[in-house]
Amino acid sequence: MDASSTVWIIAVVALIVGTLIGYLLGRSGGNDNRQLELIEQLDETQRELAEYKEKVTTHFEETADLVSSLTDSYKAVHLHLAKSSVELCSSDVATRTLEEAAQPRLTAEPEEAVVADATASETSEESNGSMEAPLDYAPKKPDEEGTLSETFGLKEGEKEGEETPADPADFAEKKEDNKTEETTKSA
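Residues numbered from 1 in each chain as written. Predicted model: local features only at pLDDT ≥ 70, side-chain atom pairs only at ≥ 80, totals over all residues. Heavy atoms only, no water.

1. Focus on the overall build of the protein
- What the protein contains, in helices and strands, is four helices and zero strands.
- Counting every position in the protein, which comprises 187 residues, the buried fraction comes to 2%.
- For the protein, the computed accessible surface area is about 17,300 Å², with 58% contributed by carbon and sulfur atoms. (Helix = DSSP H or I, 4+ residues; strand = E, 2+ residues; numbered from the N terminus. Buried < 20%, exposed > 50% of the residue type's maximum accessible area, 1.4 Å probe, protein only. Areas by Shrake-Rupley, 256 points an atom, 1.4 Å probe, with all protein chains shown as cover.)

2. Notes on the pattern of salt bridges
- Applying the stated criterion to the full structure yields one salt bridge.
- Its salt-bridge partner being E37, residue R34 comes within 3.5 Å of it at the nearest N-O pair. With R34 and E37 both in helix α1 (residues 3-88) and three residues apart, the pair spans about one turn of that helix.
- Among the residues examined, R34 registers a relative accessible area of 47% and is labelled partly exposed. (Salt bridge = Lys/Arg side-chain N within 4 Å of Asp/Glu carboxyl O.)

3. Focus on the confidence of the model for the protein
- Residues with a pLDDT of 70 or more make up 55% of the protein, whose mean pLDDT is 74.
- When pLDDT is averaged over each element of the protein, α1 comes out on top at 88 and helix α3 (residues 110-128) at the bottom at 51. (pLDDT = per-residue confidence, 0-100.)

4. Quick word on a negative patch on the surface
- A grouping of E40, D43, E44, E48 and E51 is seen on the molecular surface, where their side chains present a negatively charged patch.
- The residue E44 is located in helix α1 in this model.
- Since its relative accessible area comes to 39%, E44 is described here as partly exposed. (Patch = residues over 30% accessible without salt bridge, like charges linked within 9 Å, V, L, I, M, F, W, Y side chains within 5 Å. Lys, Arg positive; Asp, Glu negative; His and termini not counted. Charge placed at Lys NZ, Arg CZ, Asp CG, Glu CD.)

5. Considerations on a nonpolar patch on the surface
- A contiguous nonpolar surface patch, about 450 Å² in accessible area, is contributed by I9, V13, V17, I21 and L25.
- For L25, the position within the fold is in helix α1.
- Residue L25 is classed as exposed on the basis of its relative accessible area of 60%.

This is how it looks when you write it as structure tokens:
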């Protein structure tokens, strides 16, 4: 082989290697652009999330302030009504109302507050003596039979030993049997 063909072979191999290196570098550069786009999207999403969290925090802070002012307004109205009841109502009612309003109440869940109010009203009714024991039966009129009576729910004319048919067809057959018996007895 002569020198000129060796130069040509080296040139062709260098060209192929250069093309291959250029292709690989160009391809990885496209990934860098895609990675930059994803990083920008991630940064934007994190910024939006931070803004949303800030809005939620602001919303709940404002809601808490409004509820607090509503509670203060409720207390003011309650105090006004209590003072007015002192001026306008008898002294016993006014004194008791003011004493209840003056006692600090624990902050409780609504269900717990209802239970506490119900317990307090039951206690006050028991102290007044107006509380009755709960009934474990349905009240009835004096001339009626109770639900535990053996004849409760039976129609007039039915006897305890007779069966009441559940099917209307059985009832019709029973009537026919009764008519047959009556005609044979009368004959």
